[in-house]
Amino acid sequence: MDTPLEPGRFFLPGPTEVHPDVLAAQNAPMIGHRGKQIQELMSGINEGLKPVFQTTGDVIVSTSSATGLMEAAVRNGTKGGRVLSLVNGAFSKRFAAIAESCGIDTEVWEVEWGTIHDPSELSKRLAAHPYDAVTLSQSETSTGALQDLEAIAEVTGQHAETFLLVDSVTGIGGVETHSDDWGIEFILTGSQKALALPPGLAFGLASQSMLDRSAESKDKGWYFDLARLAKSLTKHETPATPAVSLLYALDLQLKRIAAETMEARWERHKAMQRRTIEWIEEMKASGAPVDVFAAEGQRSPTVTCVATDQSVSAVAEMKRRGWVVGGGYGPLKESTLRIGHMGDHTLEELEALLAELTEVFS
Ligand SMILES: *Cc1c(COP(=O)(O)O)cnc(C)c1O
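Residues numbered from 1 in each chain as written. Predicted model: local features only at pLDDT ≥ 70, side-chain atom pairs only at ≥ 80, totals over all residues. Heavy atoms only, no water.

**Things to note about the overall build of the protein**
Inference 1: Secondary structure assignment for the protein yields 13 helices and 14 strands.
Inference 2: Relative to the 2.2 N^0.38 estimate, which gives 21 Å for 362 residues, the radius of gyration of the protein is 20 Å and therefore close to what a compact globule would have.
Inference 3: Once the C-alpha set of the protein is aligned to its principal axes, its extents read approximately 60 × 55 × 35 Å.
Inference 4: With 362 residues in all, the protein has 57% of them scored as buried.
Inference 5: In the protein, the proportion of contacts linking residues at least 24 apart, taken out of those at least 6 apart, comes to 72%.
Inference 6: As displayed, the protein has an accessible area near 14,700 Å², and 53% of this comes from carbon and sulfur atoms.
Inference 7: In the protein, 32 side chains carry a positive charge and 49 a negative one; their mean positions are 5 Å apart. (Helix = DSSP H or I, 4+ residues; strand = E, 2+ residues; numbered from the N terminus. Rg over C-alpha atoms; globule rule 2.2 N^0.38 Å. Buried < 20%, exposed > 50% of the residue type's maximum accessible area, 1.4 Å probe, protein only. Contact = heavy atoms within 4.5 Å. Areas by Shrake-Rupley, 256 points an atom, 1.4 Å probe, with all protein chains shown as cover. Lys, Arg positive; Asp, Glu negative; His and termini not counted. Charge placed at Lys NZ, Arg CZ, Asp CG, Glu CD.)

**Looking at the site of the ligand**
Inference 1: In the region of the ligand, 13 residues are neighbours, and Ser-65, Thr-67, Thr-141, Asp-167 and Lys-193 sit closest.
Inference 2: Within the contact set of the ligand, an oxygen atom lies 2.4 Å away from a side-chain nitrogen or oxygen of Thr-67.
Inference 3: Between Asp-167 and the ligand, the recorded distance is 2.7 Å, taken from a side-chain N or O atom to a nitrogen atom.
Inference 4: Its free accessible area being 380 Å², the ligand has 90% of it covered by the protein chains.
Inference 5: Put simply, the parts of the chain that give the shell around the ligand at least two residues each are helix H3 (66-76) and helix H4 (90-101).
Inference 6: If one sorts the elements of the shell around the ligand by residue count, H3 sits on top with three residues. (Near = heavy atom within 4 Å. Polar contact = N/O pair within 3.5 Å; in protein donor to acceptor, adjacent residues only side chain to side chain.)

**Brief notes about the domain arrangement of the protein**
Inference 1: Once the domains are mapped, the protein shows domain 1 (10-17 + 262-361) and domain 2 (21-259).
Inference 2: Distance from the C-alpha centre of domain 1 to the C-alpha centre of domain 2: 26 Å.
Inference 3: With 27 residues of domain 1 at the interface, the matching set in domain 2 holds 33 residues.
Inference 4: In total, about 2,400 Å² of surface goes out of reach between domain 1 and domain 2, with carbon and sulfur atoms giving 61% of it. (Domains from an automatic or database assignment. Buried area = accessible area lost by both parts, 1.4 Å probe.)

**Observations concerning the sheet that holds strand E8 (residues 163-167)**
Inference 1: The seven strands are arranged E2-E10-E9-E8-E5-E3-E4 in an open sheet whose pairing can be described as mixed. Bordering the open sheet on either side are strand E2 (60-63) and strand E4 (106-110), each of which pairs with just one other strand. Geometrically, the sheet is characterised by an average inter-axis angle of 20° between neighbouring strands, direction not taken into account.
Inference 2: Those strands touched by H3 are E2, strand E5 (133-137), E8, strand E9 (186-190) and strand E10 (201-206), and its axis lies near 165° from that of E9. (Pairing = 2+ DSSP bridges. Axes fitted to C-alpha atoms, helices over the stretch in contact; angles between N-to-C directions.)

**What to know about the packing of helix H5 (residues 119-128) against helix H6 (residues 149-156)**
When two helices pack together, their arrangement is given by the angle between the helix axes and by the axis-to-axis distance.
Inference 1: Viewed as axis vectors pointing N to C, H5 and H6 meet at an angle of 20°, and their least axial separation amounts to 9 Å. Our classification of the angle between H5 and H6 gives roughly parallel. In this structure, H5 crosses over H6, and the sense of that crossing is right-handed. On the side of H5, the interface is formed by Pro-119, Leu-122, Ser-123 and Leu-126, while H6 contributes Ala-151, Ile-152, Val-155 and Thr-156. (Parallel < 35°, antiparallel > 145°, perpendicular 65-115°, else oblique. Left-handed = near helix turned anticlockwise from the far one by under 90°.)

**Describing the side chain of Asn-88**
Inference 1: Here Asn-88 shows up in the loop between strand E3 (83-87) and H4.
Inference 2: You can call Asn-88 buried: its relative accessible area is 0%.
Inference 3: A polar contact is formed between the side chain of Asn-88 and the backbone oxygen of Thr-115, at a distance of 2.9 Å.
Inference 4: With residues near it in sequence (within four places) discarded, Asn-88 still touches Val-111, Glu-112, Trp-113, Gly-114, Thr-115, Ile-116, His-117, Glu-140, Thr-143, Ala-145 and Gln-147.

**Side note on helix H11 (residues 262-285)**
Inference 1: Helix length check: H11, at 24 residues, gives a terminal C-alpha distance of 35 Å against a target of 34 Å (1.5 Å per residue), a fit within 8%.
Inference 2: The first or second residue beyond H11 is Gly-287, which carries a positive phi of 100°. (Expected span 1.5 Å × (residues − 1).)

**With respect to the nonpolar core**
Nonpolar side chains in soluble globular proteins tend to be buried together.
Inference 1: The biggest cluster of nonpolar side chains holds 74 residues, and the ones touching the most others in it are Phe-53, Leu-122, Leu-164, Leu-165, Phe-203, Leu-226 and Leu-247.
Inference 2: For this core, the element with the most residues is helix H10 (residues 244-260), which contributes eight residues.
Inference 3: What Leu-122 contacts, discounting residues up to four positions off in sequence, is Leu-84, Leu-86, Trp-109, Val-134, Ile-152, Val-155 and Thr-156.
Inference 4: Of all hydrophobic cores here, the second largest spans 23 residues; its members include Trp-279, Val-290, Leu-337 and Leu-350. (Core = buried A, V, L, I, M, F, W, Y, C linked by side-chain atoms within 4.5 Å.)

**Concerning the pairing of E3**
Inference 1: For E3, the buried fraction is high: five of the five residues fall into the buried class.
Inference 2: Taking every second residue as pointing to the same face, both faces of E3 are buried, with Val-83, Ser-85 and Val-87 on one and Leu-84 and Leu-86 on the other.
Inference 3: Taken together, E3, H4 and E4 constitute a β-α-β crossover, and its handedness is right-handed.
Inference 4: Pairing geometry for E3 and E5, over three bridges, is parallel. Across the sheet, residue Leu-84 finds its bridge partner in E5, namely Val-134. (Right-handed = clockwise from strand over helix to strand, strands pointing away.)

So this is what it looks like as structure tokens:
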């Protein structure tokens, strides 16, 4: 096995680096998954997740990766009608594929990767045809593009029967997102991205209308039945055994996030994004073969996709030097590399990464 990296050097866009104290929290002794101890733990977690999602509601905790809750979204959030899937990269494409594989009539609206969907065009499409739901990835981790979720939610909000189902896996925890105020029916994230936890947990916030539709859904299965999960949550439990060790890590990380405050966390992510874009512009001006992949004004604060024909060799050279950045994803494998400036990373750590990357590209 490779020698472990020094702290501050792991910049994958998921999983992200996890603080040693958060890793260590997982070593606490086991407790049963029914009764007072787990209820106290889950209750504290529920309070901690509220500011993260900017909600007064209860946030569902699922022992699964985020993809599990993407499947839950379409199975609980539809009622036999058509879904409109907004596709602008690999993860939003996966959301469409999940809907299709669940037997849902799925219409794909794909735009050029690296760009986002125009809310006024969405408005026209929703007026022309009834849809049970719209799916999208808020922050498209394969391209670094950020949808204007507030504007899109405003459009879907005008169609009571059309639910907005949001994959916010590299959003929540790093991108300013107001789930309640924006009126989103279902928004989900995973533990291993902007929340800087180990992989294995997913979190979802369902509106009352989503829970009502879930309760009526005939084809939602059992494990990802959102109404069932939400009902258990009112007793601070889960229907099946949760990943208790991961809950310990989550409990501590939510306290660390509360100490930082969400406002400061969003600002730190924006500052890391600004610096990364600035660095790309500087490098480009000096003749290095790099560019920002996502269109200007449409870029995510958590991940930047760097367009470069030297992606494969640059990722390998960084690895040799003891740093990890992400390769390109799917069809962008050889034409981009990705910097996951999210989670608990600091601007100082990012500066050190960029200094190393400067040498690699010089
Ligand atoms: C990572 C990621 C996923 C998949 O999450 P898993 O936890 O691997 O299931 C989905 N959507 C986006 C935008 C992601 O970044």
